[in-house]
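So the chains spell out like this:
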Amino acid sequence: MNLYQQKWISLLSNAHLQGWKIEPQGDDVFIEMPHITDIKLIRDNIPSTLAAMSLDIHEPKVRLKFIFHNGHEQFEYLLNPGEEDLNED
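Residues numbered from 1 in each chain as written. Predicted model: local features only at pLDDT ≥ 70, side-chain atom pairs only at ≥ 80, totals over all residues. Heavy atoms only, no water.

**A word on helix α2 (residues 39-54)**
Counted at 1.5 Å a residue, the expected span for α2 with its 16 residues is 22 Å, and the 21 Å between its end C-alpha atoms agrees. At Ile-46, α2 shows its largest bend, some 50°, and a proline, Pro-47, comes one to four positions later. All buried positions along α2 are accounted for by Ile-39, Ile-42, Ile-46, Leu-50, Met-53 and Ser-54. (Helix = DSSP H or I, 4+ residues; strand = E, 2+ residues; numbered from the N terminus. Expected span 1.5 Å × (residues − 1). Bend = angle between axes of the 7 residues up to and from the residue. Buried < 20%, exposed > 50% of the residue type's maximum accessible area, 1.4 Å probe, protein only.)

**Describing the pairing of strand β2 (residues 28-32)**
Of all 5 residues in β2, 4 are buried, a share of seventy percent or more. Strand direction decides the pairing type here: strand β1 (residues 21-25) and β2, joined by 5 bridges, are antiparallel. Pairing of Glu-23 across the sheet is with Phe-30, part of β2. Here β1 folds back onto β2, and the loop between the two strands holds 2 residues, one of which, Gly-26, carries a positive phi near 65°. Looking at chain direction, β2 and strand β3 (residues 64-69) are connected through 4 bridges and run parallel. In the sheet register, Ile-31 faces β3, and the bridge partner there is Phe-68. Tracing the backbone out of β2, into α2 and back to the parallel element β3 gives a crossover that is right-handed. (Pairing = 2+ DSSP bridges. Right-handed = clockwise from strand over helix to strand, strands pointing away.)

**Concerning the environment of Trp-20**
Relative to the elements of secondary structure, Trp-20 occurs in the loop between α1 (3-13) and β1. Here Trp-20 is in contact with Ile-31, Glu-32, Met-33, Pro-34, Thr-37 and Ile-42, once residues within four sequence places are set aside. (Contact = heavy atoms within 4.5 Å.)

**What to know about the side chain of Gln-5**
Mapped onto the elements of the fold, Gln-5 is located in helix α1. Looking at Gln-5, the relative accessible area reads 0%, which means it is buried. Here Asp-28 takes part through its backbone oxygen, which lies 2.5 Å from a polar atom of the side chain of Gln-5. In contact with Gln-5, not counting residues within four places along its chain, are Pro-24, Gln-25, Gly-26, Asp-27, Asp-28, Val-29 and Leu-64. (Polar contact = N/O pair within 3.5 Å; in protein donor to acceptor, adjacent residues only side chain to side chain.)

**Observations regarding the nonpolar core**
By size, the foremost hydrophobic cluster in this structure holds 19 residues, and its most contacted members are Trp-8, Leu-12, Val-29, Ile-31, Phe-66 and Phe-68. Residue assignment for this core shows that the elements contributing at least two residues are α1, β2, α2, β3 and β4 (74-79). The greatest single-element share of this core, amounting to 5 residues, is contributed by α2. Excluding anything up to four places from it in sequence, Trp-8 contacts Leu-50, Met-53, Ser-54, Ile-57, Leu-64, Phe-66 and Leu-79. (Core = buried A, V, L, I, M, F, W, Y, C linked by side-chain atoms within 4.5 Å.)

What is shown is where atoms sit, not what they do.
Structure representation (structure tokens):
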């Protein structure tokens, strides 16, 4: 686990989101939410939420994928994409 990933996991865990399980998955962050969570609402708000939370992280920024899953649906959000991510077809 890299330091940037570790800081994000710590920050999200300290938010005390009831029923959310936040853990490393390789170089990514896997977030298991309760089954009743509205994943569309999360997906719509995650860019601004992570942007605000990122102000508390002072480590060098690296590529980090967040994987959100509510038991029924899943989506990924990529923070600090690399050149290879931006050039995918």
